[in-house]
Each structure stands twice: as structure tokens, then as C-alpha cells.
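Survey of secondary and tertiary structure
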Amino acid sequence: MSAFVICHGQEPTNISGNYTNIPLKDALLDIESKTDYRFFFLDDRMEDEKVTLRYNAMEVSEVLDGILESSAYNYYIKEDEKRIFIINNSIIYDELPDGFFNDLEKGEGDSLIVQKSNAPPPTFYNEEVSPKEKKYPVARIGKSDPNNLQFEYTLSGRAVNVVTREPVPDLTIRVKDMDRFVITDSAGNFTIQVPAGYNKLVVRAMGIASTEREVIMYNDGNLDLLLEEGLQQLDEVVVQADAARNVEDADTGSEQIDSEASKNIPLVLGERDILQVAKALPGISSAGEGATGLNVRGGKTDQNLVLLDDAVLYNPQHFFGIFQALNPFTTKGVNIYKGAMPVEFGGRLSSVFDIRTKNGNVEKLAGEGSIGPVTGNLALEIPVVRDKSSLVVGARGAYADWILRSLDEPSLNNSNASFFDGILKYHHKINDANEVKATAYYSRDAFSITSDSLYNYDNRLFSLRWDRKISERSTTAMVLGNSNYGFGIDFDGQANTDFKLDYSINETEFKYKFRTLLNERNTLDYGISAKYYSVNPGSIRPDGNESSVSTILIDNEQALEGALFLGNEYKLSEKFLLDLGVRYAFFAALGPGTQQRYQEGLPKNESTVQETITYDGAEVIKTYGGPEARVSARYLFTPDFSIKASFNNSYQFLHTLSNNTTVSPIDTWKLSDLNIAPQTGYQASLGLYKNFKENEYELSLEGYYKGMDNVLDFKTGADLFLNENVETEVLQGEGKAYGVEFLAKKNRGDINGWLSYTYSRSLYRFDSEFSEERINNGDFFPSNFDRPHDVSIITNYRFTRRYSMSANFVYQTGRPVTYPIGTFRFNNADFVAFSDRNEFRIPDFYRLDLGLNIEGNHKKNKLAHSFVTISVYNVLGRNNPYSVFFVTENGEVKALQSSIFAIPIPSITYNFKF
């Protein structure tokens, strides 16, 4: 029971003392004993307050100012009665402040004109209305200051899952009975302007129990929200954590996928895969079934920035793109930006895939695993320091050889393949203002398509992130990351031609970014990033003493890339939100190395070499760079209907070198240099977004246009790998892509899912006055991944809490190919004449997958909860062509079709969670 403490003292006004981390109550009792004042305060509210202060011959008021400065307490001295009142948050006035009452003035016709008060209204709050026994007691924010009386104050904080301590992004926080809201960022942080006095905050997000929090705003302050999971998590196919986000923020072309949302979507061989789910969203596709890489809004696969906990993941897929190289049980989800790109990101033209891993459970050991026909997987969450730190460990391996032997291709019968990936993440919350995360990841693929060659490729990355809260209005994040991607070929032939081939690219990045709330309408994001590249373009070495293969070494490449960025989210009104940003990108190719300079205005080949230039170590070979714009805007017609527009431009200083029809894991990355300029591009987007029935249904329609320059393609018959002068084998031209994307989604209920349709075109042009540098006579032609029509339907029907049925249907226009159109004879030899590049198309692609999902019983006290998926991939047995190739037999050219999965593929996967 709370009670007033009344003390009696008997000493003069000027007092001295020395306190070192003593309880506030004890300090007040000591001051009271040295004076003739009587003190009144509630002692039960001071249990955790500590005081450190040294004072000498000071007035009582000065001492109280010192010991209460950093607390939520004020004081009031009633001098005539020698009484001092210690009050939590509030202020006691001797007289009413100026403007407390509205002034009344006479108007025309003796009418009264009410003048608005200059002081905020008083707060009347009855503790009995919301007693302490409630689950969430009333939060008193800030400390009243008579010199800072305002009608609104700034409330900041962080939303965290109460069990896992993971941040809750895209949480909507609204001031009840007001059209005012804020959405938490990826780290769960939020800042909102709240009226002075008593308010209710309504907190909502998918998968989070709806919550109301009562607050009394005395001043600016902080409130962290510890949130519980809600039963909404049973609605399985939910792409966005918060369904209102698509209408409320200013981003165009942004998508969110929760890893948990993909578990009920029937995918090949029962593997949960957020990247395959991404391809079911508008504007995202691949060149074909089994093709590595994603094509976003008509861009090449190398134009996507894929990040895993802030470090670049160069190849996020296993086994020719059939599986993702991400552990689904340690992956939290992915934010995809294919339109308005955040100002901190750059270096790619098309998109950003910002993949985040989970924070581990800080209270108890938890885990999740699966056993399927191809892979086995286990992930553990291990508390290290209770309520503060945890370790996530994940490992996944494959036994996939039988797949190759079952494919409709005799040459693959003796093939073998395997892959592995492992991840380790440490998360530590030092205090309320500091948090550290470290992630280490490794993946490796090894496969043998022929009996004499063993191919392998691997990813390795490490990232360290320190999040710090500087003040109620400012936060920072410091990131250090390193990434490495490489591949190799071990050739073991019949003759003495054994060799080992390798390639690698390595990058190290440092980023320091800030977020500052200037006021209720302006939020700044700004920072700096720096990156160092080191590329081994490839080498061949003899394998064994008897090998006759000569050693070939290509000089390494080095470069620096940097950027300064500044963004401002400006809220012009409750309806109009503007996000402005500028980013300056810089790139410098560095020595040591050798470069050819060619005659100006002539094709690059051996006959046009003007000089050979040798550069010393760290010497600058060539610099590139320029400003990049990030502009997006949102206008709310109603709280659930908005229109958005955006524009951005980018530089890309890396290129992939490939003359394959589809991307391959052994394609190489090339840095811009003296002869190969960086890719540049811009994109404009415009869209309408509408939600219905409290965000249960979503509709969106978005159009875009993208222009690109200096995109790379290869000359006919080009030899790209282990070529010291690769610039003589490639062309740089222009590209354009445009399209319309439609998405209809149902987020909740027994039936949920979405329908997406994309109409898009992706065209390139390589023109020159010289025929060897022209493709298709200099006209625009379709890219290898140009698919005008793309339809995806994802649906999930829940019969009961334990049983549900899922379906996945995909239709795509066949991709372009180049066909032979005739033969001719020259010098007693037969030659094939080909059509214009990509003039024809392979047959259209369509596929239906079905799945039955069975959950174990929902008893609370059990060792583990289970989940079984029974699925059939390609139910219709559609023989979808992966590629078309041609052979000459008896003087005739014949077309042959290659397919990946030409028959239904059944699978059963057992998942468990504890």
C-alpha cells in the first residue's frame, strides 16, 4: 500500500552533503534532516531511483534541482508552511499559467469570439480507471517542465517480441480517436507525436496480439513495447507483416515475405523457399525452371543486390536455382525493393533483397528441423545470457544425386550433386541503448554433370552490426561486412589434360548510418559507406605432374566504391507524405594491372590497340561516379486508399560475363575499368493501392518504366573466361523495360492467398556504325528473360486448425531464343545460318502444384510440435521446355528440347519445432 512519508527537520537553509549512488528516498531523508522543512512523497515509487551528487553550502532548491534533474520527479516548496512536495512527473502551480482560461472578446453584434489558449489543457486522470492490476499499467512519459509546455510531445521507442526479443517491424501504432499513426522500421523503432496528457495507443500487426497502451505525456520520452504473438499467425499465406503498410508508406514496388508464410506453399520437393515465393509476386521472375538468379522488372540477374544481414550474398541459390541457399528456419524474412530504393542502398540497377535472420530465443532453448526427400535441416536457438543474448545455429545438407538420375536426360544418369549451408548468429542486447549482432555464413555446392569434371561454387560472408540509440530522437547503426564468392572446376580427363580452374570475388564494406527525428514532420536518414573489391578473374593450373596443361593466370582486379547519402521523409500533412533522398556514388578502379587503350571511334580488337598501360599497386586506373536521386511520394485519398509515385537513378560498377542463354553459377563478375563503363539506369513508377475490410483484402495496380545504359552483352562466338582483354568480346548498349503489375490478395480467413499478373517487356539495343558491334541491325530486341505475360495464383484453404490444402499455379510466356533458319556450304564445309538474336520463343510455361499440410495436435505441454507437408510438384506433368538446342544429323538441323521436371514430382517433408 502506498503512503505519504512525512519527515521532520530542524536546520538552516544552506546545506552540504555527498551522495554516491544512494537511493533517492535516503537522499531526501538526509536533506530533510539538515533543514526545517517537512518532506512529502510516495516512497514506493522511488525504489529504483539512485542519486549521485556532491554539494556545499547550497540552497535547498538548488540541491533538489541537482538530485531530481535526471529523474521523472519535480518538487514544490510551500514556504509559509515549510513543506516540500515531491511529485512524479507533474507540476504544482502557485497561480494558473498565462492563457489557462480562454479569453473572451466582443465581436460584431455583441457576439463572443473565443481566443485559443496558449497553454495545453490540464490532464485529469483517475488511477482507479486503470488500476495497477491491469496487464499494462499506465505509462507516464517525460517530466513536466514549466518552460516547455506544449500541446504535443514526441514519443519514441522500440517494439520487441516479448519471447524472442526480436524487433517487430511494420507495426502500426495509432493514437486512438485520431488520424495519426506511425509504422515501426526494420529494427522495430518508432517515433510519433502524441498530444499532451492522457492518450491511448492502439498497436496492431499481423501475427501480433492487438494491444492498447495508456500513456500520459508530460514531455518527450521513451516507451518500449513488449508484444505477444497473436492467433493471427494461423493464417499461413501472408506476404506482409502489416497489411496496411502497402497503403500507408511512400514506397513503390516494395514487398515483404515472412519465411513462415512460405511453409504452406507447395514447392519443388517440399523445400520452404522465400525466393520461390518472391517469383510468385508481380515483377519478379527467372529465365526458366532451374535457372539461377532472379529478373526484376526486366533487369538482368546481376542487377539485384542480395543482402544477408547487411553482407552481400552473390549467389543465393543451390542446385541450379532449384533451391535457395538460405536456411528457412533461421531466416526471418526479406524486404524487396523493386521500385523506390532506400537511400542507403546502391550499386545495383533493379532491386534490393534485404534478407534478415532471426534473433535467437533469450529465455529458453528452442529449435526447428525438417527431413525431406532431398534435404535435412536443423536450427537451434540457444540463450547465452538470459534476456540479453542468444546464439542461432543452423545447418542444412542435401542428398540430391537421385534427382539428376531421375531427370529426362540420359547424359545425367551418372551425375552427382550435393550442397551444404551453415549459419551462425550471435545477438546481444547490451542495454536499452546498445545492441550488437554478428552473423557468419557459408554455403557450398559440388556437382558433376559429366564423368570427367567436378564443379563447385561457394559463398562465404561475415557481418557485424552495432545499433545504438543516441537520444530519444536519434539512432545509429554501424555495419562491417565481408563477402566472398568463388567457383572451381576439377577436370580429370582420359589424356594428360587434367587441370584445376578457379575464380573468386571478395568485397569488404563499412557503413555508418544515422536516423534523426527533426520534428513531427521531418525524419532524416544519412550516412556513409565504403567498399573494397578484390577479384581473381580466373586461373588454370595443371593437376598432377603428368598434365600437359599450361598455367594461365589473369591479373587480379581491385577497386574502391563509396557513397554519401541523405534522405528526408517529410510529412506535409496527414495525407501527403514525401520521401526525398540524394546519394553520391563513387568508384575507382585500382592497380596493379595492365590495360589496353584503343583508337577512338573504332571497334576494340587487336588491330586497334593504341597502347598498353601498366599501373602500379593502388594507382588509380579510372574513376566513375555521380549523384543518384531517390524520390517517392504518397497521397492518401482515404485511410485505406492511396496513390504513390517514385523516381530513382543508379550506378552499377559490376557486371557479369556470360555467353550462356541463362545465368550459370560459373558466370564471372567483372569490375568496371578503363574500357568497360559502369551500367547506369533510372526508373519511374506510379501506382494505386486499396485495402478493404480492415486490411483483409488488398488490391494494387502499379506501372513502371526503366531506362538503362552500358548494359553488357556478348559478341557472337565470344570467349569470355580467362580472356585478358575481355573488352574485345563484349558490347555495351542500352536497354528499356516497362510494364504493369496487378496484385489481389486475401490476408486472413480460412481461404487466403493472392493472384498476381504482370505484363512487361524487356528490350535491349546494341548499335554501331561497325557491323561487328551491332546486334539485329541495331534494333531493339527482346532480352533472354523477356516474358510479356506472367500469372501466379497462390491459395491456401484451412479445413481445420490442423489440416489445410495449398495450390500454386504459374503461367508465363515462353522466353526468347535464337533459331537456325537454314544451312549453306562454303569451301566444302557446311554452316548454319541463324535468325536474328531472340527472334523466336520456346513454348509457353505453365505448372500446377498441390500440397496437403498436416499439423500435429496443439497441446501446449509436448516435447515438440510437428508439421507434415505432402506435395506434388507439376501435377499436370507438363513438359515445360527449359531450353531448345539444335544438332545436325545427316546434313539436317534438328531441334531438341531440354526439360527439368517433365513429370509430377511427389514429396513428403516432416517438420518439427520445440
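The text that follows walks through the structure, step by step, so that each part is easy to find.

Conventions used here
- Residues numbered from 1 in each chain as written.
- Predicted model: local features only at pLDDT ≥ 70, side-chain atom pairs only at ≥ 80, totals over all residues.
- Heavy atoms only, no water.
- Helix = DSSP H or I, 4+ residues; strand = E, 2+ residues; numbered from the N terminus.
- Buried < 20%, exposed > 50% of the residue type's maximum accessible area, 1.4 Å probe, protein only.
- Contact = heavy atoms within 4.5 Å.
- Areas by Shrake-Rupley, 256 points an atom, 1.4 Å probe, with all protein chains shown as cover.
- Pairing = 2+ DSSP bridges.
- Axes fitted to C-alpha atoms, helices over the stretch in contact; angles between N-to-C directions.
- Arc of directions from axis to C-beta.
- Polar contact = N/O pair within 3.5 Å; in protein donor to acceptor, adjacent residues only side chain to side chain.

**A closer look at the overall build of the protein chain**
Along the protein chain, the regular secondary structure elements total five helices and 60 strands. A buried classification covers 53% of the 914 residues belonging to the protein chain. The long-range fraction of contacts in the protein chain, counting pairs at least 24 apart against all pairs at least 6 apart in sequence, stands at 65%. Carbon together with sulfur atoms contributes 53% to the accessible area of the protein chain, which is approximately 40400 Å² in total.

**Concerning the sheet that holds strand S12 (residues 181–183)**
The sheet built from five strands is open, its strands ordered S9-S15-S14-S11-S12 with mixed pairing. Whereas interior strands pair on both sides, the edge strands pair on one side only; in this sheet they are strand S9 (139–141) and S12. Averaged over all pairs of adjacent strands, the angle between strand axes in this sheet comes to 25 degrees, irrespective of strand direction.

**Here's the deal with helix H1 (residues 24–33)**
Among the residues of H1, Leu24, Ala27, Leu28, Ile31 and Glu32 are the ones counted as buried. The buried residues of H1 occupy an angular sector of 135 degrees when projected down its axis, which confines them to one face. Those residues of H1 that are buried lie in contact with strand S2 (15–23), strand S3 (38–42), strand S4 (50–58), helix H2 (60–68), strand S5 (73–78) and strand S6 (83–88).

**Observations regarding the side chain of Ser672**
With respect to the helices and strands, the residue Ser672 is situated in the loop between strand S44 (668–671) and strand S45 (679–692). Overall, the relative accessible area of 1% leaves Ser672 in the buried class. For Ser672, the side chain forms a polar contact with the main-chain oxygen of Phe653, separated by 3.0 Å. In this structure the side chain of Ser672 is engaged in a polar contact, spanning 3.1 Å, whose partner is the side chain of His655. For Ser672, the residues in contact, after removing those within four places along its chain, are Phe587, Ala589, Tyr624, Gln652, Phe653, His655, Ala677 and Pro678.

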